[in-house]
Amino acid sequence: MVLVSAVRDYVNRMLQDISGMKVLILDSQTVSIVSVVYSQSELLQKEVFLVELIDSISKSKESMSHLKAVYFLRPTSENIQHMRRQLSNPRFGEYHLFFSNMLKDTQIHLLADSDEQEVVQQLQEFYADFIAVDPYHFTLNMPSNHHYMLPAVVDPSSLQHFCDRAVDGIGALFLALKRRPIIRYSRTSDIAKRIAQETAKLMYQQESGLFDFRRMEMSPLLLIVDRRDDPVTPLLNQWTYQAMVHELIGIQDNKVDLRSISNLPKDQQEVVLSSEQDAFFQANMYENFGDIGMNIKRMVDDFQQVAKSNQNIQTIEDMAKFVDNYPEYRKMHGNVSKHVTLVTEMSKIVEERKLMLVSETEQELACNGGQVAAFEAVTNLLNNESISDVDRLRLVMLYALRYEKESPVQLMQLFNKLASRSAKYKPGLVQFLLKQAGVDKRTSDLYGNRDLLNIARNMARGLKGVENVYTQHQPLLFQTMESITKGRLRDVDYPCVGNHFQQGRPQEVVVFIVGGTTYEESRFVALQNASNSGIRFILGGSAVLNSKRFLKDLEEAQRIARTSSSVV
Amino acid sequence: MATRNRTLIFRKYRDALKSVRVPASSSSASASSAVAGTSSGGGPVIEMVSASLLHPNRSYAPLSTEDPGNSSKGAVTVGLPPAWVDVSEEIAANVQRARTKMAELAKAHAKALMPSFGDGKEDQRNIEALTHEITNLLKKSEKRLQQLSAAGRSEDSNVRKNVQRSLATDLQNLSMELRKKQSTYLKRLRQQKEEGQDGVDIEMNLNGNRSKAEDDDLDDMVFNEHQMAKLKRSEAFTVEREREIQQVVESVNELAQIMKDLSVLVIDQGTIVDRIDYNIQNVATTVEEGLKQLQKAERTQKQGGMVMCATVLVIMCFVMLALLILKEILF
């Protein structure tokens, strides 16, 4: 609950002391921040009767001075410009300004300069600068996420912008939690190091007064890692409910857009999947596909019973009871149709793309050994006509990531086959991936085959057998969390910034993955937190990835790298 | 959670920058600004209106067109809110009154259910009166609520729609609460009556048994008396039961009607319609579409044949008039 309740508290405090009819004005980023934690009906209860975006509100000239304006914006230069224009021609009775991060003095100057009519009643910084999609999972939803893959020389200003946003988001998170952490980062990643150092500068030097909270016995830990240390997780197909919906259809700010699917009634074209508001989803978001099917069937049966009893109205009392229960009934109906639609759609996609077959091989590639068998399996699937291009690309990528060094000849064979089969996906992308995230570039032992202890552990797991072939993969994050829990996070791999050192185990850990997180990883974090190990983990990233998004980032980065190298 | 208040710094900068700008000069401006200053703390417009009445020699100019360079304290038109705000306030007041009456009703229910020596008719009447009052309030509020619906796509209409939604939610919750209270009360009442009736039944059985033990002649007479008494009592009960059922049916109908009308307006929680970003998107698209439609209409109207015809006719009229005048002059 901790992230969601932090942002909700901020929004509550914004609205509570202002009486009368209000209008809430947001920008395109804060809209997402507020929408995932606050609903329209709750806003109406707080007497907020109009919500607008700051760009669209400048277009209208209507004077609505009986309303009080509450602005919640990010402190960017465009927003300050918008504010200046609106303050010089005020439309509302009062102006209350809230910014989601730290304002520079120059910005306050500019605002004060334009407030000639003195309509601004308060100007505060409320640090809700991250999107709290789940209780322990946040994202920053950065639009051009791919910049982390490129070296600084290519586009230094975009990279600086990327780092600034990340530092702002992380700083806001810790201000919301009122803690100041020890910062560690992944050794082999330049961008992780850069973000770690800039965050340390912010927290310990530039704004050390703001971050100076009461020291608990154990400082929390901020661990900044790079997506390229674990490129396997975003490429895999998922079989647990939330991760699967994101992988096959796509979840954005806890909303699922089903408009591309035909024959849906109007109220099911866009649905909300939020663990806060939907009890069924909260109970099932981490369950695998088979169990979900059974649970949905049970839900539908319950609903049909209720519907039948509603139809059987004979006495006046039955009528009265029906009218009483109608709102509940309607809500249940909507919820049931939503989940049934989602599961139906996903089953259809699984059928079409033969994902059961593909995913079995993917999991083998990600988890078990056996290069020869893997090569054979991948070749067979590449030859299979009904596999889609993107699935073929993923298989080759997974093979390449694992068996990069073992047999280059066979790897070349696979590349050629891929090129011949799918004109769209050039093998150059796979090679780009290897350059970014190959064995030499990764910090830790992704496949557990570098040191004896890991090999032994893998053998033991292989002997024990797995419950479910499709969900046997454990992301690298899981091992990192285990090492932290045991207090054995290697300093060689994850050095500290500055001379603050960690004694013992921290009680709170925030892991920030530069390049994006996945719902599979957030599932492991939630399950780890539920197991009461004494440590609370929070996961965040610059975006929430699925295989489509990860591939898009790779393509974008490759395109820019190619154009820049041709210029140079 | 940490926050930082920058209002003081902001005010400091604002005051510093104000003194750098052109200072307020004319006395009338300073007088008006002084008066405006008292009402800039969110006071109603009435103060402003009286301000202009107090200075009759000043021509009445709307305060918003004051030279921004000269005005210092909030000379923004704290205008009157639009008329529909009165309607919404009336409905909110009704809702409040209905809530207090519901509390009274709950007390009256409890009192009526307690075993008493009296007839209980007065309690019944009290309960009936309260229930009627509350239902009337709800019905009246619901009718007024329909008046808040607005056409058009301005921002004001969005505000109206949202106010309507919020009041509809309140009304729906109230009517559901009322129904729940009524149904529990009736259930408890029926339970009590059944208990009472059991006693009467036992009595009747005893009488029946006793009557069988009597002589045949006396039997018939006694039986007839008992039969009559039984009939009368059951008739009274039936009448009363029927009346209660009638009441329930009426209230069910009324409230069902209200809820049906309201359910259109109320937002279903947890659905996409309850999302802030969805509502903003919809507003944006409808406004854009509305703009496109307006532009299209404007274009077609400009090109419209009607306009052409009208202009041609007018020109012809002038030409004819000119010809007429020429004819008069020349001949």
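Quick caveat: nothing in here was measured; it's all calculated off a predicted structure.

Quick notes on the rules
Residue numbering note: each chain is counted from 1, following its sequence as written. As they are written, the chains are lettered A onward and the ligands numbered 1 onward, keeping that order. Side-chain atom pairs in this predicted model are given and counted only at pLDDT of 80 or more, local residue features only at pLDDT of at least 70, and totals for whole chains, interfaces and linings cover all residues. For the side-chain quantities, the full set of heavy atoms in the structure was used; hydrogens and water were omitted. Here a helix means four or more residues in a row that DSSP labels H or I, a strand means two or more in a row labelled E, and each is numbered from the N terminus. For every residue, the accessible area (1.4 Å probe, protein chains only) is compared with the maximum for its type, and the residue is labelled buried under 20%, exposed over 50%, or partly exposed between those bounds. Residue contacts are counted whenever heavy atoms from the two residues lie within 4.5 Å of one another. Throughout, the Shrake-Rupley method with a 1.4 Å probe supplies accessible areas, and for residues the shown protein chains are the sole cover considered. A helix's residues, less one, multiplied by 1.5 Å, set its expected span. It is the directions from the helix axis to the C-beta atoms that the arc portrays. Any Phe, Tyr or Trp ring, taking Trp's six-membered ring, that has another such ring centre within 6.5 Å forms a pair; planes under 30 degrees apart are called stacked, those over 60 apart edge-to-face, and the others tilted. Two strands make a pair as long as DSSP finds a minimum of two bridges between them. To define axes, lines are fitted to C-alpha atoms, for helices over the stretch in contact only, and angles between the resulting N-to-C directions are given on a 0 to 180 degree scale. Definition used for salt bridges: Asp or Glu carboxyl oxygen within 4 Å of a side-chain nitrogen of Lys or Arg. Across the chain, each position has a pLDDT score giving the predictor's confidence in that residue, from 0 to 100.

A. Representation of the overall build of chain A within the structure. Secondary structure assignment for chain A yields 22 helices and 14 strands. Burial statistics for chain A: of 568 residues in total, 59% are counted as buried. Looking at chain A alone, contacts between residues at least 24 apart form 81% of all its contacts between residues at least 6 apart. On chain A, roughly 24000 Å² of surface is accessible, and the fraction owed to carbon and sulfur atoms is 50%.

B. How the structure looks around helix 15 (residues 371-383) of chain A. Residues and elements named next belong to chain A. Under the 1.5 Å per step criterion, the end-to-end length of helix 15 is 18 Å for 13 residues, consistent within 8% with the ideal 18 Å. Taken as a whole, helix 15 has its buried residues at Gln371, Ala374, Phe375, Val378, Thr379, Leu381 and Leu382. Around the axis of helix 15, the buried residues are gathered within 165 degrees of arc, so they sit on the same side. Those residues of helix 15 that are exposed and aimed more than 90 degrees away from the buried face are Val372, Ala373 and Glu376. The elements touched by buried residues of helix 15 are helix 14 (355-367), helix 16 (389-402) and helix 17 (408-421).

C. Here's a closer look at the packing of aromatic side chains. All names here are of chain A. One pass over the structure, following the stated rule, counts 14 aromatic pairs over all chains. Measuring from centroid to centroid gives 5.7 Å for Tyr71 and Tyr95, while their planes differ by 15 degrees, and the two rings are stacked. Pair noted here: Tyr71 is in strand 3 (residues 64-73) and Tyr95 is in strand 4 (residues 92-99), with a separation of 24 residues, a long-range link. Taking the relative accessible area as the measure of exposure, Tyr71 reaches 1% and is therefore buried. Put simply, the rings of Tyr10, Phe98 and Phe126 pair up and form one aromatic cluster.

D. Layout of the side chain of His147 of chain A. Following the sequence through the fold, His147 of chain A ends up in the loop between strand 7 (137-139) and helix 7 (156-177). Leave out the neighbours within four places in its chain, and His147 of chain A touches Asp155, Ser158 and Leu159 of chain A.

E. Local environment of the sheet that holds strand 9 (residues 221-226) of chain A. All names here are of chain A. Judged by pairing direction, the sheet is mixed, and its six strands sit side by side in the order 6-7-14-13-9-8 without closing on themselves. Each edge of the open sheet is held by one strand with a lone partner, namely strand 6 (131-134) and strand 8 (182-185). Strand-to-strand, the axes of this sheet are offset by a mean angle of 25 degrees, without reference to chain direction. Inspection of the sheet shows strand 7 paired to strand 14 (residues 536-541) by three bridges, in the parallel sense. Across the sheet, the residue bridging to Phe138 is Gly540, located in strand 14. Packing of helix 7 onto the sheet brings it into contact with strand 7, strand 9, strand 13 (508-514) and strand 14, and relative to strand 13 it is tilted by some 165 degrees.

F. Geometry of the pattern of salt bridges. Applying the stated criterion to the full structure yields 40 salt bridges over all chains. Here Asp115 of chain A makes a salt bridge to Arg14 of chain B, at a shortest N to O gap of 2.4 Å. Here Asp115 of chain A is found in the loop between helix 6 (105-114) and strand 5 (120-126), whereas its partner Arg14 of chain B is found in helix 1 (residues 7-20) on a different chain. Residue Asp115 of chain A shares its accessibility class with Arg14 of chain B, and that shared class is buried. Note that Glu207 of chain A is salt-bridged to Arg4 of chain B, the shortest N-O span being 3.2 Å. In this pair, Glu207 of chain A is assigned in the loop between helix 8 (190-206) and strand 9 and Arg4 of chain B in strand 1 (residues 3-5), connecting two distinct chains. Its relative accessible area of 17% is what places Arg4 of chain B among the buried residues.

G. Representation of the sheet that holds strand 3 of chain A in the model. Spatial strand order, 2(A)-1(A)-3(A)-4(A)-5(A)-1(B): six strands in an open sheet with mixed pairing. Edge positions in the sheet fall to strand 2 (48-53) of chain A together with strand 1 of chain B, since each of these pairs with one other strand and no more. Put simply, the sheet's adjacent strands are angled 20 degrees from each other on average, direction ignored.

H. Molecular detail of the confidence of the model for chain B. All names here are of chain B. Predicted confidence across chain B gives a mean pLDDT of 72, with 64% of residues reaching 70 or more. For the stretch residues 210-215, pLDDT sits under 50, and the model shows five contacts to residues farther than four places along the chain or on other chains. Across the predicted assembly, pTM comes out at 0.80 and ipTM at 0.82.

I. Fine view of the pairing of strand 1 (residues 22-26) of chain A. Residue and element names in this part refer to chain A. Burial analysis of strand 1 places five of its five residues in the buried class, which makes it a mostly covered element. Sheet topology note: the strand 1/strand 3 ladder contains five bridges and is parallel. Counterpart to Leu26 in the pairing with strand 3 is Phe72. Bridging between strand 1 and strand 2 involves five bridges; their strand directions are parallel. Looking at strand 2, one finds that Val23 is bridged to Leu50.

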